[in-house]
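What follows is each chain in one-letter form.
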Amino acid sequence: MLTHTGPEDWRAANRAMWDERVPIHLASDYYDQDGFRRSRDVIRDFEVAEVGDVTGRTLLHLQCHIGQDTLSWAHRGAARVVGLDFSEPAIEAARATAAELGIGTDRAAFVAADVYDAAEAVAACAPDIPAYDVVYTGIGSLCWLPDVRRWAETAASLVAPGGFLYLAEFHPITDALDDESGSRVAHDYFSRDAWIDESPGTYTDFEAPTVNNRRVEWQHTLGDVVSALAAAGLRVDFLHEHDMTLFQRFGSLERGDGGYYRQPAGRPRVPLMYSLKASRP
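Residues numbered from 1 in each chain as written. Predicted model: local features only at pLDDT ≥ 70, side-chain atom pairs only at ≥ 80, totals over all residues. Heavy atoms only, no water.

## A short note on the overall build of the protein chain
Summing up its helical and strand segments, the protein chain has 8 helices and 11 strands in all. For 281 residues, the compact-globule formula gives about 19 Å, and the C-alpha radius of gyration of the protein chain, at 18 Å, lands near that figure. Buried residues in the protein chain amount to 53% of all 281 residues. A separation of at least 24 residues holds for 76% of the contacts in the protein chain among residues at least 6 apart in sequence. When the accessible area of the protein chain is evaluated, it comes to approximately 12,600 Å², of which 51% is carbon and sulfur surface. The protein chain carries 26 positive and 43 negative side-chain charges, and their two centres are separated by 4 Å. (Helix = DSSP H or I, 4+ residues; strand = E, 2+ residues; numbered from the N terminus. Rg over C-alpha atoms; globule rule 2.2 N^0.38 Å. Buried < 20%, exposed > 50% of the residue type's maximum accessible area, 1.4 Å probe, protein only. Contact = heavy atoms within 4.5 Å. Areas by Shrake-Rupley, 256 points an atom, 1.4 Å probe, with all protein chains shown as cover. Lys, Arg positive; Asp, Glu negative; His and termini not counted. Charge placed at Lys NZ, Arg CZ, Asp CG, Glu CD.)

Put into structure tokens, the structure is as follows:
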């Protein structure tokens, strides 16, 4: 059973939280919209290496937020990209950015819908594309979903024959470790209970004044994610675990090459992120 427990209003609470944070993120140094308009590319180097050349391919980005990653794949040569997110303000922002960059709806389309409803929503948005060469998702997306099996079934249904799903995520072991050192098991790795937090602010600005602060998250073990994708009919081509992450997850981490955070030299390491590719034969 991969469905987790949680409050009935989890979707409404999370949507209100994300909706409110869209303008904060757009104005933040973290997303650096002006810089993105110049570079048009924010894809991490390990993702580029693992996804490979997308020239001429169709790509669907699930849980795309404000669309920077989605549009980056278009910049990298994808023939058609579609981004989906449940936040209307986020989708509006993504469409506005695409228009500013001169990327028409024939190259990049965005749709507001719940990820569990992606098959129907994407079909309505791009009816000429029955399935995609690449279904891309991450980073920090799965924690917002209570049912990883339903997610895998939905995502797999959108992968074209010969295509693949690519996922890059924060490693679930990090949710079990202490916040200070990241070296001591402090929480239950196998917990299926919702984690509910009401802290104000956001990861781009912890001091930002916010009103809709209630958010509901879940942790998914690595075994649950891989097993769900296999059960959905995809073949796992690789599963890579990485010793770096994108932010100061633990107080002991140090920022180094490429802007990634790692444990200091000489300290025992644990995986901080993982990435996988699962293909449809």
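That was the structure; now back to the text.
## Remarks on the pattern of salt bridges
Overall, the coordinates contain 17 salt bridges when judged by the stated rule. A salt bridge links Arg249 to Asp175, with the nearest nitrogen and oxygen atoms 3.8 Å apart. Of the two residues, Arg249 sits in the loop between β8 (235–242) and β9 (254–255) while Asp175 sits in the loop between β5 (159–170) and β6 (195–197), which places them 74 residues apart along the sequence. Among the ionic pairs, Asp243 bridges to Arg262, the shortest N-O distance being 3.0 Å. Here Arg262 lies in strand β10 (residues 261–262) and Asp243 lies in the loop between β8 and β9, a separation of 19 residues in the sequence. (Salt bridge = Lys/Arg side-chain N within 4 Å of Asp/Glu carboxyl O.)

## Points about the pairing of strand β4 (residues 132–137)
As a general feature of sheets, a regular strand has side chains that alternate between the two faces. Taking burial as the measure, the 6 residues of β4 include 5 buried ones, the bulk of the element. Strand direction decides the pairing type here: strand β1 (residues 58–62) and β4, joined by 4 bridges, are parallel. Each bridged residue has a counterpart across the sheet, and for Leu62 the counterpart in β4 is Thr137. Pairing between β4 and β5: 5 bridges, direction parallel. Pairing of Tyr132 across the sheet is with Val159, part of β5. Handedness of the β-α-β unit built from β4, helix α7 (residues 148–157) and β5 comes out right-handed. (Pairing = 2+ DSSP bridges. Right-handed = clockwise from strand over helix to strand, strands pointing away.)

## Description of the pairing of β1
Most of β1 is tucked away: 5 of the 5 residues are buried. Alternating positions in β1 separate into two faces, Thr58, Leu60 and Leu62 on one and Leu59 and His61 on the other, with burial throughout. Two strands pair when backbone bridges link them, and β1 and strand β2 (residues 80–85) are joined in this way by 5 bridges, in the parallel orientation. From the neighbouring strand, Leu60 faces β2, where its bridge partner is Val82.

## Here's the deal with the sheet that holds β8
Strand-to-strand pairing in sheets goes through backbone hydrogen bonds, with the strands running parallel or antiparallel. Here 7 strands make up an open sheet; going across it, the order is β3-β2-β1-β4-β5-β11-β8 and the pairing mixed. Of all the strands in the sheet, the pair left with one neighbour each is β3 (108–112) and β8. With direction set aside, neighbouring strand axes in the sheet form an average angle of 15 degrees. In the packing of helix α5 (residues 88–100) onto the sheet, the strands contacted are β2 and β3, and the crossing angle to β3 comes to about 165 degrees. Strands β5, β8 and β11 (273–279) of the sheet are contacted by helix α8 (residues 222–231), whose axis makes an angle of about 10 degrees with β11. (Axes fitted to C-alpha atoms, helices over the stretch in contact; angles between N-to-C directions.)

## Things to note about the environment of Glu180
Its location among the elements puts Glu180 in the loop between β5 and β6. Taking the C-alpha atoms as reference, Glu180 lies 21 Å from Phe190; in sequence the two are 10 residues apart. Setting aside anything within four residues of it in sequence, one finds Glu180 in contact with Phe250, Gly251 and Ser252.

Any functional reading would require information that these geometric values do not contain.
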